[in-house]
Amino acid sequence: MLFSGVTFLYYFLPAALALCLAAPRRWKNAALLACSVVFYAWGAPAYLPLLAAETLVAFGAGLLIGRHRGTGKAKLFAALAIGLLVGALALFKYADFFIKAVNSLLAPGADSGPVPLISLALPLGISFYTFQLLSYLFDVYRGKTRAQGNLVTFAAYAFLYAQILSGPIVRYDSIAGDLARRKQTLPDFAAGAQRFVLGLAKKALLANAFADLCAAYTGGTERSALFAWLYIAGYTLRIYYDFSGYSDMAIGLGRMMGFRFPENFDYPYAARSVTEFWRRWHMTLGAWFRDYVYIPLGGNRVSPAKRIRNILAVWALTGLWHGASWNFVLWGLYFALVMTLEKAFLLRALKKLPGLVSHLYTLLVLVFSWCLFDSPTLAGALSRAGELVGAGGIAAAGAWSRYYLSSYAFLFTIGILGATPLPKRLMESLENALARHHSKAGAVALSLARPAALAALLIISSAYAVDGSFNPFIYFRF
Amino acid sequence: MEAKPRGMNPLQAKLTAMLLAGVLLGLTIANLVHTPPEVSKSERRRLAALPRFASVSSGKLRLNDSFAEDFEAFAQDSFVGRDAMRALKAYAQYNALRLLDNNGLYAVDGSLARLSAFDAASAARAIAKINKVIARLPDGAKVYMAAIPDKGHYLARGTAYPDGGFGALEAVIRENLAGASYISLGDALGRDSYYAGDLHWKQTALSPVLAALGFAMGFAADEDFEGKELYPFYGAYFGQYALPLPGETLACLTNDALANARVKLLDTKTLGMIDSVMYDESLFFSVDPYSVYLSGPQPIVTIENPAASTDRQLYLFRDSFASSLAPLLAGEYAKITLIDLRYISADALFKLIEFDANADALFLYGSLILNDSALLLVG
């Protein structure tokens, strides 16, 4: 069920909100769990038992680890449960990838190898919920959080519909308090609804429009440098508005129900280095790898050689987390290389350069990374990257690229400006200016303008949902 | 953090919560209580119905695997005020986001066209299929082909829109067509030759087309027609465009000679020919009003005109454009057989019809059909 679809907006959401808000305090988690089960089963009923089994494993292991904390048994239970969760993720997401790798070693060049593929469908949200359950087990084992003794409460966390499919990756300890006793207030509901509508508009109005541009390029016959640049610029904005829009909706939904989810984006394209970009992009995933992989491996406090090893490990895993293909592995290693260079000397050099130059450097690195990210094969990625520089004697522009440049000029302007803090600052300045006047009319206008604008955005986004084609969020496939 | 909302004052919070919850709840309740239509006249299609969650087959309960997708299609199609929502989206697309098309549809001076990328491979396949049919026609038949430019070919001139590659299409035809003479209609038409809200040409604008065909095929077309006008005509693009446009007038041209012509259609059940009419005005109020001409999509239609100026026969391999053209040719041919290879396969056709070796054959197709060769049922 897509957050931006009619089924979610006008069937599921009103019913779920009504149930979760109206439920008595002691039934709130049960109501939330019931809604979440329906939400997950709607799109992937076949994988509901898997999610339930993993939840039971994590719940049971958490109790056992908590009971035996500090002993070898705790370590054993943690290792077993983590092994099971990682094993399930490996089986469903990576088994065929590794089988293909083995086959290519055993029978190089052959279409099929001696080991048959498993061909399992990828359960929705498995990368996200597995990482959440793993963080819970790690934290209980380390004594950072107490094991949850109530299965319904724990399952409400594991199944939480607001973010199960595409994050943010919410660690148990960050919402343990909200699960136990959450306040549902009108200001929180309003703030959450505002955030949800802004995220919905990002997806419905911007991300999907840029997706159409990308589809026109990949499905079209024109090959020109201009079209390649339009595609990659469109993809750069599409993935940002798609994923950050989803995160906004998830955070908004959580807040409407009394949860405070962690932030996931902080104007990543405003970064002046790739290192800074990754502090602003998919922040909950970055923090997860930092806390559960990089730091346990020694982090920065090791020899330079081990530090490089740690960076390589984190980025290879980050790449693999996004998808079971060599493209994603290379995508991760590409960032490992860039960030190693930045740590070695580039960051110091970038700080001395004008802001515009460091922005351009960062964007160029990202643009080439998205070529790798969005191509089904490495050859395809190289071909697309080549088109950006006119390789292969392709034309500079054609009729279709000129058309899309004209058509999308305004949307690119909105998209680029919207990816910076500028609109937010402008809105704040405007509201401050109105507030300074202390006039009654100004105060009323101020109070009315934002809700009216949000209602208009909700209705317009709904119109796009009614007249739209199926346009899933990019991160659903991870 | 980026979209994290700035704090609201208490009145703003109340209004925001009330307005957004009101929109969600209000539209939800409206959706639940309203009865959606089964057919969208503006979109010319049957709307998705509420899917079944499960069905019983051979005593076994079977879950509907595509229930979630089917339900979303139903939720979209049955949305209260669907046409108004589509109009709102179109307005936002053109005016707020400043995009030049909506779902591939664009308007130039109030006339609508669809973006269409020329597919050279598909065009070559279409011509190969036509060549196969030509090869099965009897020796001696004079064979011609003409391609009808998509309206976008004219509308796009002087604008940012791509023109659909009609010039490239003609080059592919000239290079690949075997056993037929190609007649170019590019100069015989213009943007005003087509309905503003439809992809089709106007019957009243076909004199230059008749002249071009007549020059190549050796006839002088009758130009003495009088018209009956049907109003308001809302074309296929009109509904897809979603924004308001004025209705147009659909003309049905006739004269004394045509009035006595006999029209027959293939009955696909009995494979016999049944009586029909040149202009079926009852279809003006159907989902596709252009079906007024020769009853719209039909595999085989014949027009026999005892008052024709010759006793020649014409086999007209065609798409929907020819429905409005064929009546105007009936003065020149004693019998015209219209064949739509989208609805009858070439193999079935040659079993059904014995072709006259002295007849003319004209392959007349719109560029959109030639760009989508899979539509032609030629093996």
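About the thresholds
Residues numbered from 1 in each chain as written. Chains lettered and ligands numbered in written order. Predicted model: local features only at pLDDT ≥ 70, side-chain atom pairs only at ≥ 80, totals over all residues. Heavy atoms only, no water. Helix = DSSP H or I, 4+ residues; strand = E, 2+ residues; numbered from the N terminus. Rg over C-alpha atoms; globule rule 2.2 N^0.38 Å. Buried < 20%, exposed > 50% of the residue type's maximum accessible area, 1.4 Å probe, protein only. Contact = heavy atoms within 4.5 Å. Areas by Shrake-Rupley, 256 points an atom, 1.4 Å probe, with all protein chains shown as cover. Lys, Arg positive; Asp, Glu negative; His and termini not counted. Charge placed at Lys NZ, Arg CZ, Asp CG, Glu CD. Axes fitted to C-alpha atoms, helices over the stretch in contact; angles between N-to-C directions. Left-handed = near helix turned anticlockwise from the far one by under 90°. Buried area = accessible area lost by both parts, 1.4 Å probe. Salt bridge = Lys/Arg side-chain N within 4 Å of Asp/Glu carboxyl O. Polar contact = N/O pair within 3.5 Å; in protein donor to acceptor, adjacent residues only side chain to side chain. Nonpolar A, V, L, I, M, F, W, Y, C, P; charged D, E, K, R; others polar. Expected span 1.5 Å × (residues − 1). Core = buried A, V, L, I, M, F, W, Y, C linked by side-chain atoms within 4.5 Å. Domains from an automatic or database assignment. Phe/Tyr/Trp six-rings, centres within 6.5 Å; stacked < 30°, edge-to-face > 60°. Pairing = 2+ DSSP bridges. Right-handed = clockwise from strand over helix to strand, strands pointing away. pLDDT = per-residue confidence, 0-100. Parallel < 35°, antiparallel > 145°, perpendicular 65-115°, else oblique.

**Description of the overall build of chain A**
- In terms of regular secondary structure, chain A is built from 18 helices and zero strands.
- Expected size for 478 residues packed as a compact globule is a radius of gyration near 23 Å; at 24 Å, chain A falls within 12% of this value.
- Summarising its shape, the C-alpha atoms of chain A cover approximately 75 × 65 × 45 Å along the three principal directions.
- Within chain A, the proportion of its 478 residues that are buried is 55%.
- At a minimum sequence separation of 6, the contacts of chain A that also span at least 24 residues come to 76%.
- Of the roughly 19,700 Å² of accessible surface on chain A, 68% is carried by carbon and sulfur atoms.
- Distance from the positive charge centre (43 side chains) to the negative charge centre (21 side chains) of chain A: 10 Å.

**Some remarks on the packing of helix H14 (residues 355–374) of chain A against helix H15 (residues 378–388) of chain A**
All names here are of chain A.
- Axis separation between H14 and H15 bottoms out at 8 Å; the angle between their running directions is 145 degrees. Regarding H14 and H15, the two cross each other, and that crossing is right-handed. Between H14 and H15, the residues in contact are Val 367, Phe 368, Cys 371, Leu 372 and Asp 374 and Leu 378, Ala 381, Arg 384, Ala 385 and Leu 388, respectively.

**Quick look at the interface of chain B and chain A**
- Every contact between the two is made by 57 residues of chain B and, on the other side, 63 residues of chain A.
- When chain B packs against chain A, the two sides together hide about 5,400 Å² of surface, and 68% of this comes from carbon and sulfur.
- Counting across the chain B and chain A interface gives two salt bridges.
- Counting across the interface, chain B meets chain A through twelve residue pairs in polar contact (both at pLDDT 80 or more).
- When residues of the side of chain B that touches chain A are traced back to their parent elements, those giving at least two are helix H1 (10–33), helix H2 (67–77) and helix H3 (82–96) of chain B.
- Here the side of chain B that touches chain A takes 17 residues from H1(B), the largest share from any one element.
- When its residues are assigned to classes, the side of chain B that touches chain A shows 35 nonpolar, twelve polar and ten charged.

**Quick word on helix H5 (residues 126–142) of chain A**
Residue and element names in this part refer to chain A.
- If you check H5, its first and last C-alpha atoms are 24 Å apart, about what 17 residues at 1.5 Å a residue would give, namely 24 Å.
- Of all the 17 residues making up H5, 14 are buried; the element is thus mostly covered by neighbouring parts of the structure.
- A positive phi of about 80 degrees marks Gly 143, the residue just after H5.

**So, the nonpolar core**
- Ranked by size, the top nonpolar core spans 171 residues in total, and within it Phe8(A), Tyr161(A), Trp281(A), Trp370(A) and Tyr404(A) carry the most contacts.
- A domain-level breakdown of this core finds at least three residues from each of domain 1 (32–108) and domain 2 (117–375) of chain B.
- For Tyr161(A), the residues in contact, after removing those within four places along its chain, are Phe3(A), Phe8(A), Phe12(A), Leu13(A), Ala16(A), Leu32(A), Cys35(A), Ser36(A), Phe39(A), Leu253(A) and Met257(A).
- Ranked by size, the runner-up nonpolar core spans 49 residues in total, among them Leu206(B), Phe233(B), Met278(B) and Leu362(B).

**Here's the deal with the packing of aromatic side chains**
- Counted according to the given criterion, the structure contains 87 aromatic pairs over all chains.
- Ring centres of Trp42(A) and Phe71(B) lie 5.3 Å apart, and the angle between their planes is 90 degrees; on these two criteria the pair is classed as edge-to-face. Within this pair, whereas Trp42(A) is found in helix H2 (residues 28–43), its partner Phe71(B) is found in helix H2, the two belonging to separate chains.
- The exposure class assigned to Trp42(A) is partly exposed, which follows from its relative accessible area of 22%.

**A short note on the pattern of salt bridges**
- Summed over all chains, the structure comprises 28 salt bridges over all chains.
- Lys202(A) is paired through a salt bridge with Asp248(A); the nearest N and O atoms lie 2.8 Å apart. Here Asp248(A) lies in helix H9 (residues 225–256) and Lys202(A) lies in helix H8 (residues 186–219), a separation of 46 residues in the sequence.
- Residue Lys202(A) is classed as buried on the basis of its relative accessible area of 11%.
- Among the residues examined, Asp248(A) registers a relative accessible area of 2% and is labelled buried.
- With its nearest N and O atoms 2.8 Å apart, the salt bridge here joins Asp347(B) to Arg136(B). Placement of Asp347(B) in helix H11 (residues 346–352) and of Arg136(B) in helix H4 (residues 120–136) is noted, with a sequence separation of 211 residues between them.
- Judged by its relative accessible area of 45%, Asp347(B) falls in the partly exposed class.

**A short note on the pairing of strand S15 (residues 335–339) of chain B**
All names here are of chain B.
- Among the five residues that make up S15, four are buried, leaving the element largely enclosed by the rest of the structure.
- As judged from the five bridges shared by strand S13 (residues 300–304) and S15, these two strands associate in the antiparallel manner. By the bridge assignment for S15, Ile 300 is matched with Ile 339.
- Pairing analysis gives five bridges linking strand S14 (residues 313–318) to S15, with the strands arranged parallel. In the strand pairing of S15, Gln 313 is matched with Lys 335.
- Once the chain exits S14 it traverses helix H10 (residues 321–329) before rejoining the sheet at S15, and the crossover so formed is right-handed.

**As for the sheet that holds S15(B)**
Residues and elements named next belong to chain B.
- With respect to topology, eight strands assemble into an open sheet ordered S8-S7-S16-S14-S15-S13-S11-S12, the strand pairing being mixed. Looking at the sheet topology across the chains shown, the edges are occupied by strand S8 (181–184) and strand S12 (273–276). Neighbouring strand axes in the sheet, compared pairwise and without regard to direction, differ in orientation by 25 degrees on average.
- Sitting on the sheet, helix H7 (residues 207–217) is in contact with strand S7 (142–148), S8, S14 and strand S16 (360–366), with an inclination near 155 degrees to S8.

**Points about the domain arrangement of chain B**
Residue and element names in this part refer to chain B.
- Assigned domains within chain B: domain 1 (32–108) and domain 2 (117–375).
- Here the C-alpha centroids of domain 1 and domain 2 sit 32 Å apart.
- Each partner contributes residues to the interface: domain 1 has 15 residues there, and domain 2 has 24 residues.
- In total, about 1,700 Å² of surface goes out of reach between domain 1 and domain 2, with carbon and sulfur atoms giving 63% of it.
- Taken as a group, Arg 44, Leu 105 and Tyr 106 account for 42% of the area that domain 1 buries against domain 2, more than any other trio of residues on that side.

**A look at the confidence of the model for chain B**
- Averaged over every residue, the pLDDT of chain B is 93; the share at 70 or more is 98%.
- Quick note on the complex model: pTM equals 0.91, ipTM equals 0.91.

**Let's talk about the packing of helix H3 (residues 48–67) of chain A against helix H4 (residues 72–106) of chain A**
Residues and elements named next belong to chain A.
- Close contact between H3 and H4 brings their axes to 8 Å; oriented N to C, the two are set at 165 degrees. In terms of their interaxial angle, H3 and H4 are classed as roughly antiparallel. In this structure, H3 meets H4 at a crossing whose hand is left-handed. Along its contact with H3, which presents Leu 50, Glu 54, Val 57, Ala 61, Leu 64 and Ile 65, the element H4 presents Ala 74, Phe 77, Ala 78, Ala 81, Leu 84, Leu 85, Ala 88 and Phe 92.
- Along the lines of polarity and charge, the residues of the contact of H3 with H4 split into 13 nonpolar, no polar and one charged.

**Focus on the environment of Tyr365(B)**
- Within the secondary structure, Tyr365(B) is located in strand S16.
- Placed 45 residues apart in sequence, Tyr365(B) and Ser320(B) show a C-alpha to C-alpha distance of 8.4 Å.

**Thoughts on the confidence of the model for chain A**
- On average, chain A scores 92 in pLDDT, and the residues at 70 or more come to 98%.
- Taken element by element, the predicted model of chain A shows its lowest mean pLDDT in helix H17 (residues 422–436) of chain A (83) and its highest in helix H16 (residues 399–418) of chain A (97).

**A closer look at unusual backbone geometry**
All names here are of chain B.
- Omega for the bond connecting Tyr 231 with Pro 232 falls within 30 degrees of zero, at 0 degrees, which places this linkage in the cis form.
- Although it is not a glycine, Arg 44 sits at a positive phi angle of roughly 55 degrees.
- Along the chain, the position of Arg 44 falls in the loop between strand S1 (39–40) and strand S2 (45–46).
- Even without a glycine there, the phi angle at Ala 242 is positive, about 75 degrees.

**Thoughts on the pairing of strand S10 (residues 248–254) of chain B**
Residues and elements named next belong to chain B.
- Of all seven residues that make up S10, five are buried, and the element is covered over most of its length.
- Taken together, the six bridges between strand S9 (residues 226–233) and S10 define a ladder with antiparallel strand orientation. Its bridge partner being in S10, Lys 228 is matched across the sheet by Cys 252.

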